[in-house]
Amino acid sequence: MVLLLVNPETWTWANTWTVTGLGFGIVLVLLFALVFILMFFGWIMQKATAPKAPKAPKEDKPAPKASAPSAEPTDEGTKVAIAMSLAKAGDEDIAAIAYALYLAQNKKHDIPTAMISLHKHETAWNEKSVGMNNVGF
């Protein structure tokens, strides 16, 4: 703790405002310094995590094309498992499997909209009579 020895006879309002202004100025300068330091760290992290350009292949050979998955399973155990599953499945199950295969083969997937919708619904939890701060009861 800093003890300032102040003579009350010579201390004026000008001295009071000077000390107040200096304290406020020091706080602002340190605040701006902190903001610039944090901006500098952000700039460093952005440079460090920036994606690097992929290197070009050295050879001029064309890349091998990915073959589409065949509709026919190649493993004998897989064929038996599919046959057993379809034998036990009902009509709705077969329809769901067929639709899932259709979507997978045609690359159609759900695309989320990133939209959140909140709807207020009345339940017993919303009632005023069961609240913790029941004024008037």
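Remember, it's a predicted structure, so these values are computed and weren't measured experimentally.

Caption draft 1: Seen up close, the overall build of the protein chain. Each helix and strand in the protein chain was counted, giving three helices and zero strands. Overall, the protein chain shows an N-to-C arrangement of helices and strands of α-α-α. Per-residue burial over the protein chain gives 1% buried out of 137 residues. Here the protein chain displays about 14200 Å² of accessible surface, and carbon together with sulfur accounts for 68% of that area.

Caption draft 2: Quick peek at helix α3 (residues 91-105). For α3, spanning 15 residues, the distance from its first C-alpha to its last is 21 Å, which sits close to the expected 21 Å at 1.5 Å a residue. K107, located one to two residues past α3, shows a positive phi value of around 55°.

Caption draft 3: Quick look at a nonpolar patch on the surface. A contiguous nonpolar surface patch, about 820 Å² in accessible area, is contributed by L34, I37, L38, F40, F41, W43, I44 and M45. Judged by relative accessible area, which is 32%, I44 ranks as partly exposed.

Caption draft 4: Focus on the confidence of the model for the protein chain. Looking at the protein chain, pLDDT values average 76 and 68% of them are 70 or higher. Per-element mean pLDDT across the protein chain ranges from 77 in helix α2 (residues 76-88) up to 91 in helix α1 (residues 13-48).

Reading guide: rules and limits
- Residues numbered from 1 in each chain as written.
- Predicted model: local features only at pLDDT ≥ 70, side-chain atom pairs only at ≥ 80, totals over all residues.
- Heavy atoms only, no water.
- Helix = DSSP H or I, 4+ residues; strand = E, 2+ residues; numbered from the N terminus.
- Buried < 20%, exposed > 50% of the residue type's maximum accessible area, 1.4 Å probe, protein only.
- Areas by Shrake-Rupley, 256 points an atom, 1.4 Å probe, with all protein chains shown as cover.
- Expected span 1.5 Å × (residues − 1).
- Patch = residues over 30% accessible without salt bridge, like charges linked within 9 Å, V, L, I, M, F, W, Y side chains within 5 Å.
- Salt bridge = Lys/Arg side-chain N within 4 Å of Asp/Glu carboxyl O.
- pLDDT = per-residue confidence, 0-100.

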